Amino acid sequence: MDLNTHTPLRAVALVCTLSPSPAPSSSQLLAEQTMAALAEHGVTGKTIRIADHDVKPGVKTDMGDGDAWPEIRDTILGCDILILATPIWLGHPSSIAQRVLERLDAELGESDDEGRMLTYGKVAAVCVVGNEDGAHKVSADLFQGLNDVGFSLAPNAVTYWVGEAMQGTDYQDLDKTPEKTAATTATLAANTAHLARRLKAAPYPAS
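We now turn to the structure provided with this report.

**Describing the overall build of the chain**
Move 1: Per the secondary structure count, the chain includes six helices and six strands.
Move 2: Seen in sequence order, the chain has helices and strands lined up from the N terminus as α-β-α-β-α-β-β-α-β-α-β-α.
Move 3: On C-alpha atoms alone, the chain measures out to a radius of gyration of 16 Å, which is about the 17 Å that the 2.2 N^0.38 rule sets for 207 residues.
Move 4: Along the first, second and third principal axes, the C-alpha atoms of the chain reach 50 × 45 × 30 Å.
Move 5: Within the chain, the proportion of its 207 residues that are buried is 45%.
Move 6: Nonlocal contacts in the chain, meaning residues at least 24 apart in sequence, comprise 79% of its contacts between residues at least 6 apart.
Move 7: When the 16 basic and 27 acidic side-chain charges of the chain are each reduced to a single mean position, those positions are 4 Å apart.

See the structure below:
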C-alpha cells in the first residue's frame, strides 16, 4: 500500500503571535500557508492562535481555574503533526511560544501502556517570521524543546522569512510570497507528512 496516498493525517498549527484576533499576524499567515502546503499531502487540520485563549503559565497538563491548555492539548494529542509558528522578538521566540514549550514539558511525565511518551510518533515543524536575522537561532531553540518533549523532526522542518535589518516591512505586507519561502514551505510539508506517515505505520519501540 502506498502510504502517501492512503494514510490520512491530522495537523494543528499553534500560532504564537503576541496579538489576539482579529489583528493581522505574519505568523498566522505563514502557518496557514504551511497548512495549505500540508493539505496537498492529504493532511487536514486547523490553526489555533494561542493569544485568543487563556493558557496559564506552568508545567502541568492542567493548571486549573479556567486554563485553556487541556483542550488545546487534547487537540495536539489527536493529531499526527504539530506546527509551531512564532515571530522573532529580541532575537528569541515569542514569550507565548516559550509558554507553549513550558506546557508541553508536562508530557515528560505522561506515557502510554508501553512506556512511550504520548508525543512519540508525532512530528513537529516550525514557522518563523521577523524583521531581523535570527530565524536559525529561533528554530534551533524550538527544535530542541520540541524534541525534548517527544516530537520527531523531519529534514528541513522549518520555513521562515526575515526582512531586511532595521526596516519595518512585515511578511504579511509583501505583495506576494517570496519564491524561496514558498519552496521551503513546500519542502517542510512534504518531508513532515512523509515522516508522520512512516511513524504512524511503524511506531517507536516500547520504552
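Don't stop here, the text continues.
**Focus: the state of the cysteines**
Move 1: A full pass over the atoms with the stated rule returns zero disulfides.
Move 2: Note on C16: no disulfide assigned, nearest cysteine sulfur contributed by C127 at a separation of 10 Å.
Move 3: According to the relative accessible area criterion, C16 is buried, its value standing at 0%.

**Examining the environment of P203**
Move 1: Residue position: P203 is located in the segment after helix 6 (179-201).
Move 2: Given the relative accessible area of 54%, P203 is considered exposed.

**A word on the pattern of salt bridges**
Move 1: Per the stated rule, a full pass over the model turns up seven salt bridges.
Move 2: Taking the shortest distance from any N to any O, the salt bridge between D67 and R103 comes out at 2.7 Å. With D67 in the loop between strand 2 (43-49) and helix 3 (69-77) and R103 in helix 4 (residues 95-104), this pair connects stretches of sequence that are 36 residues apart. Side by side, D67 and R103 carry an identical accessibility label, which is buried.
Move 3: Notably, a salt bridge pairs R73 with E107, separated by 2.5 Å at the nearest N-O pair. Of this pair, R73 sits in helix 3 while E107 sits in the loop between helix 4 and strand 5 (123-130), and the two are 34 residues apart along the sequence. The pair formed by R73 and E107 is uniform in burial state, with each residue classed as buried.
Move 4: Among the ionic contacts, a cluster of salt bridges with common partners joins D112, E114 and R116.

**Concerning the pairing of strand 1 (residues 9-15)**
Move 1: Within strand 1, six of the seven residues are buried, which leaves the element mostly enclosed by the surrounding structure.
Move 2: Inspection of the sheet shows strand 1 paired to strand 2 by seven bridges, in the parallel sense. Looking across to strand 2, one finds that V15 is bridged to R49.
Move 3: Chirality of the crossover, the property in question, places the unit of strand 1, helix 2 (residues 26-39) and strand 2 among those that are right-handed.

Rules used in this analysis
Residues numbered from 1 in each chain as written. Predicted model: local features only at pLDDT ≥ 70, side-chain atom pairs only at ≥ 80, totals over all residues. Heavy atoms only, no water. Helix = DSSP H or I, 4+ residues; strand = E, 2+ residues; numbered from the N terminus. Rg over C-alpha atoms; globule rule 2.2 N^0.38 Å. Buried < 20%, exposed > 50% of the residue type's maximum accessible area, 1.4 Å probe, protein only. Contact = heavy atoms within 4.5 Å. Lys, Arg positive; Asp, Glu negative; His and termini not counted. Charge placed at Lys NZ, Arg CZ, Asp CG, Glu CD. Disulfide = S-S within 2.5 Å. Salt bridge = Lys/Arg side-chain N within 4 Å of Asp/Glu carboxyl O. Pairing = 2+ DSSP bridges. Right-handed = clockwise from strand over helix to strand, strands pointing away.

So yeah, pure geometry; function would need other evidence.
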